[in-house]
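Structural features, examined
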Amino acid sequence: MLKKKLFRDLWHYKGQFFTIFLMVFIGMLAFSGIHGYMDGMDESAKEYYKEYNLQDLWITNTNISDSDLEKLKSMDHISDVNRALVLNSKLKGSKDVTLETNVLEENTISKMYVVKGEKYASNKKGLWFDSYLANHLNIHVGDTLKLDISGQTLKLKVKGLVNTPDHVYFVKDSTEIFPTHKNYGFAYIPADTFSKEMNFDVTYNKAYVDVDKKNNVSSVKKAIQKNFDFLSVTDRDASFSYAGYQSEVEEGQTYAPVFTGLFLMIAILSVMSTMNRFVRQQRVQIGTLKALGFKNRKIYIHYIGFGFMISLVSAVLGVLVGYFTIGQFFIDMEASYFEMPNIHTALLPVVIQTAVLVVALISLVTYLSSRKILKETASEALRLEVPKVKKNSLDWSVKFNKCKLSTRWNIRDIARNKGRSIAACVGIIGCTMLLVCSFGLWDTIESYMDWEYKIINTYQCKISLNSDYTKEQYDHLTHLYGDATSKSVAIEFKNHGKTETRSMLVSDGKDKLNITDHNEKVTELKSNGIYLTEKLAKKYEVQVGDTIKWHLTGDSTWYTSKVVGLNRDPQTQQFTMSKKYFEKLGYTYRPDSIYTNKKAKKLDGVSKISSIESIQEGVESMLEAMKSMMVLLIVFAVLLGCVILYNLGVLSFTEKQYQFATLKVLGFKDKQIKEIFIKQNTWIMLVGMIIGLPLGYYMLSYIYTNALNDTYDFPAVVEWISYVYAIIGTVLVSYVMNKLLARKIKTIDMVSSLKANE
């Protein structure tokens, strides 16, 4: 009997239960999809790094000798060491394609993942090529490639197309932000092959160290720095590839809980309110069941079944659909940038646990709602519930006795039904927050682009110079394109007893390369000390007036410089000093870049020409994922807002049918009753929107403050037009829902509505 009643009620209240289904489904869809994508990136990396043995330490030196190798291998906690000669080469037959050419002694660390072709072996003749770049250049296994290495041509056959764990994320130079896999890649060549083909012995400039345990990495690094005079020893956190990929994961792990948590909170709150109302509507049926002799336990199970069934089906479907659609969509997008061959979505226990928690919460609310009624006797339950009206709630309408009847009536109704009103308000707040956040994502990026490429970098072309250019070549280039130049160097500095490695820009950029203060205004570069960005100053606890002890990497002379200013850079966190101060310290200024507003040609001494337009195109391609996220958030915000408002509106209308029928009997027209109904929803919408607008900005600010990695530093920006869009979106959703619900007033059955309270 109870089973038949369960399915009959599900069908009878199908509209109400369908909205519950949609709210839980959308909430779990967002949670599962975003988590599936972010957790998948994290899990894929862990598996890849472990299986293919990503190095723990990178050593750089002009020559890592055989004796250095033996000494390294004999040190405590070092499992293995591989050497490599890393240099750049040009791919002949392809326009402006540079290859990071790795000449390997052996490959037991950072092993190759073979996409196509033969497995790497040090005794085979040939080269193993970057699979992503090969795909763009239409290079296949068996093709013969010609590499230009310092003027010599190396001709080898492609043995395999590969990926490696230390080349997951990499770019050609500082002018590129995200990898395009069009003009830069890597190639691996066995040392024996390279030596025979080039007719000289290999001098290794890199060594990769595998440490036995993760917690020994720091101590091994210190021991190497103490016992050797290498140019640099860095760990994974300083690796551009590792750190770049991890920062993407960490960004997602910061914003994912914010967005998905907001979705779930709004959905669960609305569902709980709906289930509570449904059980209260079943008051007479519960009383009848008690009168017929059904035990409380059976009635509990019966009503819990409503919440349990709907929430279970919607949660399971939400998890699966989110995982296979949203999660897969974003993971495929990331796979086009990051060379992670085994990248996949992941369904971690936290998603299942959240789904279980949602089902449990909704079931618990249903239980508590029925428990309150079941405490009463059958005769009490069979009577209509008398609203508990506090005197204060009636006083509210008295205070506004000069207002229209619709205003006084709505004030009293809101005071009597605070729970429903709060749930509706929270739904509007959430919808508005998501809309503000979505539009603000784009505004922030636009602001960052203007700051970086219109205020800091005001040149049109950046000319990167060859390392071996001559004075005559340099003079000719500066004569043609001006003398706005810069030089990037690596430095080591002392920070609270630790030696840190950072980059430093020596600038003579004139008006082409600027530094800006906290408010994005161009500031003068003084010539009596060193600058560092605000983010670095905060990280290293440095203030203006402090001194920093530093030296160029590879130079044993230490200098103590005064911090004469802090600058803010949205894209690069580094030290900066003027050319004049650099030369005052005794260094020879040999620039590596020239900046110009003229259209540059590739002349002698030039390695690369980068235009601002091409750099911006690279950034915009990177932002495709953010655009998709923005569209997704807007769609979810509108869907969730529609479902919540419709559901709570239906509940409100159902509870007011008796009052509306009474007003009709008293002579009120449908238009006047619609005004009463719409006015209350409009008030709630306005309150929710007023609260949601600033909260949306604070949520966006939290995301940008906490999600950005150490490289970026820019504030959240929401333009006034975005607030207008968010307001229009919220008002439109509320207006459409109100119009749909107000039409129901014409359909009120006067007889059944008036007799329902007898």
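See the structure above.
Worth saying up front: this structure is predicted, and the values here are computed from it rather than measured.

Things to note about the overall build of the chain
Of the regular secondary structure elements, the chain holds 22 helices and 21 strands. Burial analysis of the chain (758 residues in total) assigns 53% to the buried set. The long-range share in the chain, meaning contacts at least 24 apart out of those at least 6 apart in sequence, stands at 81%. Element-wise, carbon and sulfur atoms account for 55% of the exposed surface of the chain, whose accessible area totals about 35300 Å².

Digging into the side chain of Asp39
Note on placement: Asp39 falls in helix H2 (residues 14–51). Despite its burial, Asp39 remains without a salt bridge, the nearest opposite charge being carried by Lys46 at 8.4 Å. Apart from the residues lying within four places of it in its own chain, the contact partners of Asp39 are Ala346, Leu348 and Val350.

So, the pairing of strand E1 (residues 57–60)
One ladder, built from 4 bridges, connects E1 with strand E10 (residues 232–235); its direction is antiparallel. Bridged to Ile59 within E10 is Val233. Here 4 bridges tie E1 to strand E9 (residues 206–211), and the two strands are oriented antiparallel to one another. By the bridge assignment for E9, Leu57 is matched with Val209.

What about the pattern of salt bridges?
Pairs can form between side chains of opposite charge once their charged atoms are near each other. In total, this model carries 17 salt bridges according to the counting rule given. Between Lys46 and Glu43 there is a salt bridge, and its shortest N-O distance comes to 3.9 Å. Residue Lys46 and its partner Glu43 are located together in helix H2, separated by 3 residues, close to a single helical turn. For Glu43, a relative accessible area of 23% gives the class partly exposed. Close ionic contact of Asp483 with Lys510 constitutes a salt bridge, the shortest N to O distance being 3.9 Å. Here Asp483, found in the loop between helix H15 (471–481) and strand E12 (484–495), pairs with Lys510, found in the loop between strand E13 (498–508) and strand E14 (515–516); they are 27 residues apart in sequence, far enough to count as distant.

Some words on helix H21 (residues 720–742)
With 23 residues, H21 extends 32 Å from end C-alpha to end C-alpha; this agrees with the ideal 33 Å at 1.5 Å per step. Within H21, the full set of buried residues consists of Ser722, Ala726, Gly729, Thr730, Val733, Ser734, Met737, Asn738, Leu741 and Ala742.

What about the packing of aromatic side chains?
Any aromatic ring pair is given by two values, namely how distant the centres are and how the planes are angled relative to each other. Under the defined criterion, the tally for this structure stands at 29 aromatic pairs. Directly above the aromatic system of Tyr469 lies the positively charged group of Arg590, at a separation of 3.9 Å from the ring centroid.

Here's the deal with the environment of Glu452
Its location among the elements puts Glu452 in helix H14 (residues 418–456). Judged by its relative accessible area of 4%, Glu452 is buried. Along the backbone, Glu452 and Pro570 are 118 residues apart, and their C-alpha atoms lie at a distance of 6.8 Å. Those residues within four positions of Glu452 in sequence are excluded, and the remaining contacts are Asn457, Asp569, Pro570 and Gln571.

A look at the nonpolar core
Grouped together as the largest cluster of nonpolar side chains are 77 residues, with contacts concentrated most on Met28, Met41, Tyr49 and Tyr245. Looking at this core, the element that brings in the most residues is H2, giving 17 residues. Beyond its immediate chain neighbours, meaning those up to four positions away, Met41 contacts Tyr245, Glu248, Val249, Ile331, Glu334, Phe338, Ile343 and His344. Counting residues in hydrophobic clusters, the runner-up holds 42 residues, among them Val436, Met689, Tyr712 and Ala716.

Some thoughts on a nonpolar patch on the surface
Judged by side-chain polarity, Phe7, Phe308, Met309, Leu312, Val316, Leu320 and Phe324 come together as a nonpolar surface patch covering roughly 630 Å² of accessible area. Counting residues per element, the nonpolar patch draws most heavily on helix H9 (residues 296–335), at 6 residues. Position of Met309 among the secondary structure elements: in helix H9. Assessed through its relative accessible area of 32%, Met309 is described here as partly exposed.

Observations regarding the packing of helix H13 (residues 405–416) against H14
Orientation of H13 relative to H14, taken along the N-to-C sense of each, is 95°, at an axis distance of 5 Å. Taken together, the axes of H13 and H14 are roughly perpendicular relative to one another. Mapping the contact onto sequence places Asp413, Ile414, Ala415 and Arg416 in H13 and Lys418, Arg420 and Ser421 in H14. Residues of the contact of H13 with H14, tallied by class, amount to 2 nonpolar, 1 polar and 4 charged.

Some remarks on unusual backbone geometry
Look at Ser110: it is not a glycine, yet its phi comes out positive at around 50°. Positioned with a positive phi, Asn199 is a non-glycine residue whose angle comes to about 60°. Residue position: Asn199 is located in the loop between helix H5 (191–198) and E9.

Concerning the packing of H2 against H9
Running from N to C, H2 and H9 cross one another at 35°; their axes reach a closest spacing of 5 Å. Crossing angle aside, the handedness with which H2 passes H9 is right-handed. Across the contact of H2 with H9, the residue classes tally to 21 nonpolar, 10 polar and 1 charged.

Observations concerning helix H1 (residues 2–12)
Residues of H1 that are buried include every one of Leu2, Lys5, Leu6, Asp9 and Leu10, and no others. Burial along H1 is one-sided: seen end-on, the buried residues are contained in an arc of 135°. Turned more than 90 degrees away from the buried face of H1, the exposed residues are Lys3, Lys4, Arg8, Trp11 and His12. Elements that come into contact with the buried residues of H1 comprise H2, helix H8 (283–291) and H9.

Details of the environment of Met449
Among the secondary structure elements, Met449 is positioned in helix H14. When the C-alpha atoms of Met449 and Pro570 are compared, they prove to be 9.0 Å apart, with 121 residues separating the residues in sequence.

Quick word on the environment of Gly729
Considering the arrangement of structural elements, one finds Gly729 in helix H21. Between the alpha carbons of Gly729 and Gly641 there is a distance of 9.9 Å; along the sequence they are 88 residues apart.

Section: the side chain of Asn495
With respect to the helices and strands, the residue Asn495 is situated in strand E12. Sequence-distant contacts of Asn495, defined by excluding residues within four places in its chain, comprise Glu500 and Tyr540.

Structural notes on the pairing of E12
Of all 12 residues that make up E12, 9 are buried, and the element is covered over most of its length. Pairing geometry for E12 and strand E20 (residues 593–596), over 3 bridges, is antiparallel. Its bridge partner lying in E20, Ser486 is registered against Ser593. Linking two consecutive strands that pair antiparallel, namely E12 and E13, is a turn of 2 residues; a positive phi of about 50° is found at His496 within it. By the bridge criterion, 3 bridges tie E12 to strand E17 (residues 547–552) in an arrangement that is antiparallel.

About the thresholds
Residues numbered from 1 in each chain as written. Predicted model: local features only at pLDDT ≥ 70, side-chain atom pairs only at ≥ 80, totals over all residues. Heavy atoms only, no water. Helix = DSSP H or I, 4+ residues; strand = E, 2+ residues; numbered from the N terminus. Buried < 20%, exposed > 50% of the residue type's maximum accessible area, 1.4 Å probe, protein only. Contact = heavy atoms within 4.5 Å. Areas by Shrake-Rupley, 256 points an atom, 1.4 Å probe, with all protein chains shown as cover. Lys, Arg positive; Asp, Glu negative; His and termini not counted. Salt bridge = Lys/Arg side-chain N within 4 Å of Asp/Glu carboxyl O. Pairing = 2+ DSSP bridges. Expected span 1.5 Å × (residues − 1). Phe/Tyr/Trp six-rings, centres within 6.5 Å; stacked < 30°, edge-to-face > 60°. Lys NZ or Arg CZ within 6 Å of the ring centre and 35° of its normal. Core = buried A, V, L, I, M, F, W, Y, C linked by side-chain atoms within 4.5 Å. Patch = residues over 30% accessible without salt bridge, like charges linked within 9 Å, V, L, I, M, F, W, Y side chains within 5 Å. Axes fitted to C-alpha atoms, helices over the stretch in contact; angles between N-to-C directions. Parallel < 35°, antiparallel > 145°, perpendicular 65-115°, else oblique. Nonpolar A, V, L, I, M, F, W, Y, C, P; charged D, E, K, R; others polar. Left-handed = near helix turned anticlockwise from the far one by under 90°. Arc of directions from axis to C-beta.

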